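Close look at the chain arrangement
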Amino acid sequence: MSRLPQALAVLAVLALALTGCAPSNAADTVEPTATGLEPQTLSVYAAASLTGAFDEMAALLERENPAVDVQVSYDGSSTLATQIAAGAPADVFASADQKNMQPLADDALVGPATLFAGNTLRIAVAPGNPLRIENLADLARAGVITVLCAAQVPCGAASAALLSNAGVTLSPASEEQNVTAVVTKIASGEADAGLVYATDVAANPGRIDGVTPAGASEVVGHYPIAVVAGSAHAEAGQAFVDLVLSPAGQAVLSAHGFLAP
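Below you will find a few notes about this structure. All values derive from a computational prediction rather than experimental measurement.

**Structural notes on the pattern of salt bridges**
Counted according to the given criterion, the structure contains 3 salt bridges. For Glu 64, the salt bridge is made with Arg 63, and the minimal N-O distance between the two is 3.5 Å. Residue Glu 64 is classed as partly exposed on the basis of its relative accessible area of 26%. Close ionic contact of Lys 185 with Glu 176 constitutes a salt bridge, the shortest N to O distance being 3.1 Å.

**What about the sheet that holds strand β3 (residues 92-94)?**
Taken in spatial order, the 5 strands make up an open sheet running β2-β1-β3-β10-β4, and their pairing is mixed. Each having just a single partner strand, β2 (68-75) and β4 (114-119) make up the two edges of the open sheet. Taken pair by pair, the neighbouring strands of this sheet meet at an average axis angle of 20 degrees, ignoring direction. Relative to strand β10 (residues 221-227), β4 is paired through 5 bridges, and the arrangement is antiparallel. Counted as the bridge partner of Thr 114 is Ile 225 from β10.

**Describing helix α5 (residues 154-166)**
A rise of 1.5 Å per residue sets the reference length of α5, with its 13 residues, at 18 Å; its end C-alpha atoms lie 18 Å apart and thus fit the reference within 8%. Where the residues of α5 are buried, they touch α3 (77-85), β5 (121-125), β6 (146-149), α6 (179-187) and β8 (193-197). Looking one or two places after α5, you find Gly 167, whose phi comes out positive at around 70 degrees.

**Overview of the side chain of Asn 119**
With respect to the helices, strands and loops of the structure, Asn 119 is situated in strand β4. A polar contact of 3.0 Å, which involves the side chain of Asn 119, links it to the side chain of Tyr 223. In this structure, Asn 119 is in contact with Ser 49, Tyr 197, Ala 198, Thr 199, Val 219, Val 220, Gly 221, Tyr 223, Phe 258 and Leu 259, ignoring residues within four places of it in sequence.

**Some points on the pairing of β10**
Judged by how many residues are buried, β10 sits mostly within the fold: 6 of 7 residues are covered. Across 3 bridges, the pairing between β3 and β10 is antiparallel. Looking across to β10, one finds that Val 92 is bridged to Val 227.

**Here we look at the nonpolar core**
Leu 50, Phe 54, Phe 116 and Phe 240 are the most contacted members of the largest nonpolar core, which has 65 residues in total. Excluding residues that lie within four positions of it along the chain, Phe 240 makes contacts with Leu 42, Val 44, Phe 54, Met 57, Ala 58, Leu 61, Val 70, Val 92 and Ile 225. Membership of the second largest hydrophobic core comes to 12 residues, among which are Ala 81, Met 101, Val 110 and Ala 226.

**Some points on unusual backbone geometry**
Its identity as a non-glycine residue notwithstanding, Ala 108 has a phi of 60 degrees, on the positive side. Examined against the element boundaries, Ala 108 turns out to sit in the loop between α4 (102-106) and β4. Take Ala 108: its relative accessible area is 53%, and that puts it in the exposed class. Phi at Asn 129 is positive, roughly 50 degrees, even though this residue is not glycine. Take Asn 129: it is sitting in the loop between β5 and β6.

The rules behind the values
- Residues numbered from 1 in each chain as written.
- Predicted model: local features only at pLDDT ≥ 70, side-chain atom pairs only at ≥ 80, totals over all residues.
- Heavy atoms only, no water.
- Salt bridge = Lys/Arg side-chain N within 4 Å of Asp/Glu carboxyl O.
- Buried < 20%, exposed > 50% of the residue type's maximum accessible area, 1.4 Å probe, protein only.
- Pairing = 2+ DSSP bridges.
- Helix = DSSP H or I, 4+ residues; strand = E, 2+ residues; numbered from the N terminus.
- Axes fitted to C-alpha atoms, helices over the stretch in contact; angles between N-to-C directions.
- Expected span 1.5 Å × (residues − 1).
- Contact = heavy atoms within 4.5 Å.
- Polar contact = N/O pair within 3.5 Å; in protein donor to acceptor, adjacent residues only side chain to side chain.
- Core = buried A, V, L, I, M, F, W, Y, C linked by side-chain atoms within 4.5 Å.

Next up, the structure:
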């Protein structure tokens, strides 16, 4: 997996900020990960919008456990959930919504799921917003090429809710299977605008700009995470989940623009 050289330094600063100037002692020390895990490859399936944050946390878990190789597969939550249901060898699943986690829980294919982050939508446009797209209605304007996530993908379901709340109807030029594909089409000039997460705008400076639409704060995506049932690497999987839920993990998520769960 790719490494972010500055990730650990940023994490250290954020963790220090969480503790402030209060005196520390052993009882107050947070141990976000298990250490001394056996050599293994941990397979994490995660929503595409988590790419930057989970790359950082994978690097941190590997630093704490040099024998562990964390491999993160990113895609739309619905695609990942379908793969897990079909028997894909995932150890951890982090979804961008509860809707795609729940069927796996109902079939006992994952352990207890815990919410760990939230996210809201932004209108993504080309840098500088050359078409002056300022609101949701502009996405339906003649001549504006708009792309959205497909309805079964969390960002697509959230987009549909946001547009419905605003009374806006549009026919997108395409419906993508994950939010990264929407970002790519806008950044490449294949589309003029689309709806993506706030975290995607933050992660792509210079590639896209973001406009906050009215009502965005009323449509919040909640992210659950769980260890996959029957995982051969359950201890390492739980260590990764614990890291995500820890103050250190939450600081990483916050730095990437995610909301508290």
